[in-house]
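So you can see what is in the structure, the chains are spelled out below.
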Amino acid sequence: MTLRTIDCGDRGQIAVVSDGMELALAAASAVLGLMTNAVQARGVGTIALSGGSTPKTMGMLFHGEPFHSAMPWGSLQIFWGDERWVPLNDPESNAGEAKRGYLDEMPVPPANIHPWPTSGDPDNAAGIYADTIRANVPGQPLPIFDLILLGMGDDGHTASLFPGTSALSITDRITAPNPVEKLNTTRLTFTAPLINAARSVIFLAGGAGKAERLHEVLDGPLETDRLPSQLIRPTSGELRWIVDEAAAANLDRK
């Protein structure tokens, strides 16, 4: 149940819920509504999922009602907004965890589930994923997802757009490998132009550890290199945040 809503203008509409379970429930409800509407309007629902604990809890809710019966599973095209450079069977894999946690038990055609390729060369893998997106997500000049779900890290990153990294400035690709020095690894990620082309972008953020950074992202000056979540400004779609009370504690707009 939404406790209150906050209008942050071009930084989004914020729905504040009580706790982590309500956050997952609100996310599941939003996915159901947006995917149902997309399938009714265009015959397909295109969604990019995120990693993290809230999406995992949201996914578990899909086993139950009303979500399991009402979701148009057979008409979904499912992607991920970013991925770690690990095999699908690795517990760190965003797609692997979602498949094992709930997707493999849902009536989604296997061909409609699109994990990132994570072998060979990261630049080539990102290009392959871009081709897969363009083949399954309508839209020109950019593919237009019906929904992209995002999280926000304690450092202000989203997807795998980390502070100070090279992918933040990419404007001519929809996917990219992104070397993240502080993690000593390379991640694969949607770029900001692809995310901002979506019909709907929803951030999910929960816990007291997110409170100060959420305040900076939503209430502070624009510092997109330090706070990459501020890069997300859909060009013609909606931007929403679903956050719990602990994460919303420092927001200026009560």
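Residues numbered from 1 in each chain as written. Predicted model: local features only at pLDDT ≥ 70, side-chain atom pairs only at ≥ 80, totals over all residues. Heavy atoms only, no water.

> How should I be thinking about helix H2 (residues 53-61) in this particular structure?
Every α-helical turn comprises 3.6 residues, leaving residues that sit three or four positions apart pointing alike. Among all positions of H2, only Thr-54, Pro-55, Met-58 and Gly-59 are buried. Projection of H2 onto a plane perpendicular to its axis shows the buried side chains occupying an angular sector of 140 degrees, all on one side. Elements in contact with the buried residues of H2: helix H1 (20-42), strand S3 (45-49), strand S6 (147-151) and strand S9 (200-205). (Buried < 20%, exposed > 50% of the residue type's maximum accessible area, 1.4 Å probe, protein only. Helix = DSSP H or I, 4+ residues; strand = E, 2+ residues; numbered from the N terminus. Arc of directions from axis to C-beta. Contact = heavy atoms within 4.5 Å.)

> Is there a simple way to explain the sheet that holds S3 in this structure?
Read from one edge to the other, the open sheet built from 7 strands follows the order S1-S2-S10-S9-S6-S3-S4, with strand pairing classed as mixed. This sheet does not close on itself; its edge strands, each paired only once, are strand S1 (2-7) and strand S4 (76-80). Recorded for the sheet is a direction-independent mean angle of 20 degrees between the axes of neighbouring strands. In the sheet, S9 pairs with strand S10 (residues 238-244) via 6 bridges, with the strands oriented parallel. When the bridges of S10 are listed, Ala-205 appears paired with Val-243. On top of the sheet, H1 reaches strand S2 (13-17), S3, S4, S6, S9 and S10; it is set at about 155 degrees to S10, its chief contact. (Pairing = 2+ DSSP bridges. Axes fitted to C-alpha atoms, helices over the stretch in contact; angles between N-to-C directions.)

> Help me out: how do you make sense of the nonpolar core in this one?
The nonpolar side chains of soluble globular proteins are, as a tendency, buried together. Core analysis: the largest hydrophobic core is formed by 75 residues, its most contacted members being Met-58, Phe-62, Trp-80, Phe-145, Phe-190 and Trp-241. For this core, the element with the highest residue contribution is H1, accounting for 9 residues. Contact partners of Phe-62, with chain neighbours within four places excluded, come to Ala-28, Val-31, Phe-67, His-68, Met-71, Trp-73, Tyr-102 and Met-106. (Core = buried A, V, L, I, M, F, W, Y, C linked by side-chain atoms within 4.5 Å.)

> Please clarify how helix H7 (residues 211-219) should be interpreted in this entry.
Most of H7 is tucked away: 7 of the 9 residues are buried. Every buried residue belonging to H7 is among Ala-211, Leu-214, His-215, Glu-216, Val-217, Leu-218 and Asp-219, and all of these are buried.

> Is there a simple way to think about the packing of aromatic side chains in this case?
The description of an aromatic ring pair rests on the distance of the ring centres and on the angle between the ring planes. Scanning all chains against the criterion turns up 9 aromatic pairs. With a centroid separation of 5.7 Å and 65 degrees between ring planes, the pair formed by Phe-62 and Tyr-102 is classed as edge-to-face. On the criterion of sequence distance, the pair formed by Phe-62 in the loop between H2 and helix H3 (67-70) and Tyr-102 in the loop between helix H4 (94-101) and helix H5 (122-136) is long-range, its members being 40 residues apart. The same class applies to Phe-62 and to Tyr-102, which are both buried. Geometrically, the ring pair formed by Trp-116 and Tyr-129 is stacked, given 4.0 Å between the ring centres and 25 degrees between the ring planes. Within this pair, whereas Trp-116 is found in the loop between H4 and H5, its partner Tyr-129 is found in helix H5, the two being separated by 13 residues in sequence. (Phe/Tyr/Trp six-rings, centres within 6.5 Å; stacked < 30°, edge-to-face > 60°.)

> Just checking my understanding: could you explain the pairing of S9 for this structure?
Within a regular strand, side chains alternate between the sheet's two faces. Burial of S9 is extensive: 6 of the 6 residues sit out of reach of the surface. Covered by surrounding structure in S9 are Ser-200, Ile-202 and Leu-204 together with Val-201, Phe-203 and Ala-205, the residues of both alternating faces. As paired strands, S6 and S9 are joined by 4 bridges and run parallel to one another. Across the sheet, Gly-151 pairs through a bridge with Leu-204, a residue of S9. For the crossover from S9 across H7 to S10, the handedness is right-handed. (Right-handed = clockwise from strand over helix to strand, strands pointing away.)

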